[in-house]
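# Chain and residue survey
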Amino acid sequence: MIRRADLSDVPALAAMGEKLHDLSPFAHLPSDPDSLALTMSSLIERDDAAVFIGSGMLGVVTYPCIFNHGLRVAQEAFWYAEADGLALLTAAEAWAIEQGCVAFLMGALADRRSPLMTRLYRRHGFKPVEHFFLKELPCR
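This text gives an overview of the structure that appears in the document. Only a predicted model underlies this, so the values are computations on that prediction, with no experimental measurement involved. (Residues numbered from 1 in each chain as written. Predicted model: local features only at pLDDT ≥ 70, side-chain atom pairs only at ≥ 80, totals over all residues. Heavy atoms only, no water.)

The next point concerns the pattern of salt bridges. Enumeration according to the criterion identifies 4 salt bridges in this entry. In this structure, Arg-46 engages Asp-48 in a salt bridge whose closest nitrogen and oxygen atoms are separated by 2.7 Å. The exposure class assigned to Arg-46 is partly exposed, which follows from its relative accessible area of 35%. Given a relative accessible area of 26%, Asp-48 falls into the partly exposed group. Taking the shortest distance from any N to any O, the salt bridge between Arg-113 and Asp-111 comes out at 2.6 Å. Overall, the relative accessible area of 28% leaves Arg-113 in the partly exposed class. Judged by relative accessible area, which is 27%, Asp-111 ranks as partly exposed. (Salt bridge = Lys/Arg side-chain N within 4 Å of Asp/Glu carboxyl O. Buried < 20%, exposed > 50% of the residue type's maximum accessible area, 1.4 Å probe, protein only.)

So, in structure tokens, the structure goes:
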């Protein structure tokens, strides 16, 4: 069952965050459980964000469109799914519509799953619009 997370879910969300970290481009950097818990708590408590939980999690934030502050855009903050990934996506999209968002941005890592994610997104009405590039910096 997919539902909107509340503060009682923070320990489970932080544990899933550790699994997400291991799959991320930051896997070689240390992860901090307290930071994960704080991130989850703050997103749950914000009016312009939501975290959905099931056998995975999907965090979404909304913000004013840069071209027209009267319009809102939703964007994935993170997505980790062990099973019900599509149900998480459906719940997040429905929430974004309820918030009056005119667009929903989802990301996909540039890894072996990229072709699969591209097909999944296209089947659900998403289209590619941008690529992100990561450069690690020497300061730590």
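Quick look at the sheet that holds strand β1 (residues 3-4) now. One open sheet holds the 5 strands; their spatial order is β1-β2-β3-β4-β5, and the pairing between them is mixed. Since the sheet does not close on itself, it has two edges, and those belong to β1 and β5 (101-105), each with one partner. Against the sheet, helix α2 (residues 33-45) engages β2 (49-53), β3 (56-65) and β4 (68-81), with an angle of about 115° to β2. (Pairing = 2+ DSSP bridges. Helix = DSSP H or I, 4+ residues; strand = E, 2+ residues; numbered from the N terminus. Contact = heavy atoms within 4.5 Å. Axes fitted to C-alpha atoms, helices over the stretch in contact; angles between N-to-C directions.)

Bear in mind that shape data such as this cannot, by itself, settle questions of function.
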